[in-house]
Amino acid sequence: DKAGHKHFMAKEIAEQPVVLANTLANYLTANGEITLPDPGIDFTAIDRLTMVACGTAYYACLTAKYWFEQIARLPVEVDVASEFRYREPPIPARTLALFVSQSGETADTLAALRYCEGKADKIMSVINVPESSIARESDLALPIFAGVEVGVASTKAFTCQLTVLLMLVLKAAKARGTITDTQMADHISALRSLPALMNLGIEQGEAMQSTARKLAEARDILFLGRGVMYPLALEGALKLKEISYIHAEAYASGELKHGPIALIDKSVPVVVMAPRDTLFDKTISNMQEVMARKGKVALISNAAGIEEAGDGTWAQIKMPDCPDIVAPILYAIPAQLLAYHTAVAKGTDVDQPRNLAKSVTVE
Ligand code: M6R
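Residues numbered from 1 in each chain as written. Predicted model: local features only at pLDDT ≥ 70, side-chain atom pairs only at ≥ 80, totals over all residues. Heavy atoms only, no water.

In the nomenclature of an unreviewed UniProt entry, the chain is known as Glutamine--fructose-6-phosphate aminotransferase [isomerizing] of Tateyamaria armeniaca. Taken directly from UniProt, the Catalytic activity (unreviewed entry) text for the chain runs: "D-fructose 6-phosphate + L-glutamine = D-glucosamine 6-phosphate + L-glutamate". The heading Subunit (unreviewed entry) in the UniProt record of the chain holds the text "Homodimer." (UniProt positions renumbered as here; feature names shortened; annotations may be inferred.)

Moving on, we come to the sheet that holds strand β5 (residues 140–143). Here five strands make up an open sheet; going across it, the order is β2-β1-β3-β4-β5 and the pairing parallel. At either end of the open sheet lies a strand with only one pairing partner, and these are β2 (76–80) and β5. Between one strand axis and the next, the sheet turns by 20° as a mean value, whatever way the strands run. Here strand β4 (residues 122–127) runs beside β5; their pairing, made up of four bridges, is parallel. From the neighbouring strand, Ile127 faces β5, where its bridge partner is Pro143. Docked against the sheet, helix α7 (residues 156–176) engages β1 (48–53), β3 (95–101), β4 and β5, running at close to 160° with respect to β3. (Pairing = 2+ DSSP bridges. Helix = DSSP H or I, 4+ residues; strand = E, 2+ residues; numbered from the N terminus. Axes fitted to C-alpha atoms, helices over the stretch in contact; angles between N-to-C directions. Contact = heavy atoms within 4.5 Å.)

Moving on, we get to the nonpolar core. Core analysis: the biggest nonpolar cluster contains 100 residues, and Met51, Trp67, Phe68, Phe223 and Met273 have the highest contact counts within it. The biggest single contributor to this core is α7, with 13 residues. Beyond its immediate chain neighbours, meaning those up to four positions away, Met273 contacts Phe223, Leu224, Gly225, Met229, Leu232, Ala233, Ile300, Tyr331 and Ala335. (Core = buried A, V, L, I, M, F, W, Y, C linked by side-chain atoms within 4.5 Å. Buried < 20%, exposed > 50% of the residue type's maximum accessible area, 1.4 Å probe, protein only.)

Take a look at the structure:
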């Protein structure tokens, strides 16, 4: 049932505020404690994490790496499952292996998990399907409570994965003493503010539609982001190529001058994901290098960011102000809606893109 939407993907994007509030309710007590299902995990007994996944779930891991390292001071390695499983990576003592999968049945991710059995101290997973193989074979499986996701392009599963991972990071930080009570309370209230912020983000659909109509004419599109916005740029590019069939690539904005800037000319739109945070000035200086070469910049930022750097850009998408910690979750909305409206403008099969399956259970 598409609940009045034209596509399942549109429905699944729109329902994120409600779904995410439910995810939060499943992990947060009224007084702001984070509860994990039994048997829980002792974060003082591990020294590092290795995170493995595919596709969008891999980008959720990449985002979580920034959080785990900055907030819980835990070193994290992230890999795509198809590479990890054949590399025979050594797994040092006191390693937590963490697998992220919507379906819980992705063949490469499951094989990577089995490789870690008997090597990692603990095997954990963040899954949407609690009865799945990956959930069953984990010491601890954290459900994301996204409900059934029908669209091949993952949307609500991604934001729910990020939300559960962020709560896990906060739990780890608390156990390891790397976070103050005030910081913890701030982060919890940032999480609680997300459903309302996402609603405000979704209300910017109009600006995203008109930008998408312009993107639909392009042959190649670049996405740029820095820090936690880099994985979001990767996710935006994946979503776009998956359903609109337009070639899209993402780069960490600092990498631009190490090669990709050679691609820039007036026919290449560049989507810049940059909330007004501590890295904003750096990203904007990369954006200006693009504009100096006539690249067409679509800037996704908050009011302060657009006010400061929006002049002369080709398109602007305004997100509500939000605490830095939850920005990657909020900025998933424009990444998804840009891809969706571009695909609709191109007339492609949004829910069933060619050559793709919802769950990749073969290698
Ligand atoms: O079920 P999983 O989360 O393990 O699936 C992983 C990828 O196949 C999946 O995220 C894929 O990249 C999506 N179609 C992206 O929208």
